[in-house]
Amino acid sequence: RCLVVTGVQTCALPIYHWEVIRKTDWQVDLNDVCFTDQQRGWAVGTEGRIVHTTDGGSTWQPQYSGVDNDLQRVYFIDKETGWVFARGLMLRTVDGGQTWQVLRGALQNFRGGISTLQFLNRQEGWLGVTQGQTLHTTDGGLSWKVQRSGTTTQAIRDRKSTRLNSSHNQIS
């Protein structure tokens, strides 16, 4: 049911109830979350914070990132291999986050913002970035090549609707 009042349309939305299942000792803002299955997930946030759950979010354990940057994006291809991104910085793990490798040089010449990311496997992936560009890697994020979509100058935001074709090195 919708109501129009002085030219503004408002619709009755369902009300959701959120239950606090655990309060934490740490006070940071979390920016992104990625689950590899219903139980295992990671979240990243300010002050270099990475937290991990193995019980569907009932409990979260901190993981040491080695940085104090505000972490913006997280993506895991499986329960062991994942990447975390901040402005001009990338972290990678191959052991489920027990250790994180800081790759400062991988994005050193890139100044734009990362809006989305997608990896096909442990080696090949894309970052959706500002100005209608993507960055493509074939070595697990050690190096990146800029690809221009040719269709937009806006940030590439939705990794699900972008078809990535690595054999032809193009985006459609």
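Residues numbered from 1 in each chain as written. Predicted model: local features only at pLDDT ≥ 70, side-chain atom pairs only at ≥ 80, totals over all residues. Heavy atoms only, no water.

Engineer: Would you mind going over the sheet that holds strand E6 (residues 61–63) in detail, with residue names and values included?
Structural biologist: Spatially, E3-E4-E5-E6 is the arrangement adopted by the four strands of the open sheet, whose pairing is antiparallel. The sheet is open, and its two borders are formed by strand E3 (30–35) and E6, each paired with just one other strand. Shown here is a sheet whose adjacent strand axes are inclined to one another by a mean of 25°, direction ignored. The pairing of E3 with strand E4 (residues 41–45) spans five bridges and is classified as antiparallel. Each residue of the ladder has a partner; that of leucine 30, found in E4, is glycine 45. (Pairing = 2+ DSSP bridges. Helix = DSSP H or I, 4+ residues; strand = E, 2+ residues; numbered from the N terminus. Axes fitted to C-alpha atoms, helices over the stretch in contact; angles between N-to-C directions.)

Engineer: Residue-level account of the sheet that holds strand E7 (residues 73–76), with values.
Structural biologist: One key point about sheets: their strands pair by backbone hydrogen bonds, in either a parallel or an antiparallel sense. The strand order across the open sheet formed by four strands is E7-E8-E9-E10, and the pairing between neighbours is antiparallel. Only two strands of the sheet have a single partner each, and these edge strands are E7 and strand E10 (101–103). Sheet twist, expressed as the mean angle between neighbouring strand axes with direction ignored, is 20°. When E7 meets strand E8 (residues 82–86), the two strands line up antiparallel, connected through four bridges. Bridge pairing in E8 places tyrosine 75 opposite tryptophan 83.

Engineer: Explain the environment of leucine 107 to me, using residue names and the numbers behind them.
Structural biologist: Inspection of the secondary structure assignment puts leucine 107 in the loop between E10 and strand E11 (114–119). In this view, leucine 107 contacts Phe85, Gly88, Leu89, Met90, Ile114, Leu127, Leu135 and Trp144; residues no more than four positions away in its chain are not counted. (Contact = heavy atoms within 4.5 Å.)

Engineer: Lay out a negative patch on the surface with the relevant residues and their values.
Structural biologist: Negative charge collects at one region of the surface, where Asp29, Glu47, Asp68 and Asp70 lie side by side. Examined against the element boundaries, aspartate 29 turns out to sit in the loop between strand E2 (8–11) and E3. (Patch = residues over 30% accessible without salt bridge, like charges linked within 9 Å, V, L, I, M, F, W, Y side chains within 5 Å. Areas by Shrake-Rupley, 256 points an atom, 1.4 Å probe, with all protein chains shown as cover. Salt bridge = Lys/Arg side-chain N within 4 Å of Asp/Glu carboxyl O. Lys, Arg positive; Asp, Glu negative; His and termini not counted. Charge placed at Lys NZ, Arg CZ, Asp CG, Glu CD.)

Engineer: Any details on the pairing of strand E12 (residues 125–129)? Residues and values, ideally.
Structural biologist: Taken across its five residues, E12 has five buried, putting it largely inside the fold. With burial as the criterion, each face of E12 is covered, one bearing Gly125, Leu127 and Val129 and the other bearing Trp126 and Gly128. By the bridge criterion, five bridges tie E11 to E12 in an arrangement that is antiparallel. Its bridge partner being in E12, glutamine 118 is matched across the sheet by tryptophan 126. Joining the antiparallel neighbours E11 and E12 is a turn of five residues. Two elements, E12 and strand E13 (residues 133–137), share five bridges in a ladder whose sense is antiparallel. Its bridge partner lying in E13, glycine 125 is registered against threonine 137. (Buried < 20%, exposed > 50% of the residue type's maximum accessible area, 1.4 Å probe, protein only.)

Engineer: Hey, could you go over the confidence of the model for the protein for me, with residue numbers and the actual values?
Structural biologist: Confidence in the prediction of the protein, expressed as mean pLDDT, is 77, and 65% of residues score 70 or more. Counting interchain partners and residues more than four positions distant, the pLDDT-below-50 stretch residues 1–11 has 10 contacts. (pLDDT = per-residue confidence, 0-100.)

Engineer: Report on the pairing of strand E5 (residues 50–53), specifying residues and quantitative values.
Structural biologist: Of the two faces of E5, the one lined by Ile50 and His52 and the one lined by Val51 and Thr53 are each fully buried. Of the pairings in the sheet, the one linking E4 to E5 comprises four bridges and is antiparallel in character. Note that in E5 the partner of valine 44 across the bridge is isoleucine 50. Pairing between E5 and E6: three bridges, direction antiparallel. If you follow valine 51 over to E6, its bridge partner there is proline 62.

Engineer: Let's hear about the packing of aromatic side chains: which residues, and what values?
Structural biologist: Describing an aromatic ring pair means giving the distance of the ring centres and the angle of the ring planes. Counted by the stated rule, this structure contains seven aromatic pairs. Judged by centre distance (6.2 Å) and plane angle (25°), the ring pair of tyrosine 75 and phenylalanine 119 falls under stacked. Placement of the pair is tyrosine 75 in strand E7 and phenylalanine 119 in strand E11, with a sequence separation of 44 residues. Like phenylalanine 119, tyrosine 75 is buried. Plain terms: the ring middles of phenylalanine 85 and tryptophan 144 are 6.2 Å apart, the flat faces sit at 75° to each other, and that makes the pair edge-to-face. (Phe/Tyr/Trp six-rings, centres within 6.5 Å; stacked < 30°, edge-to-face > 60°.)

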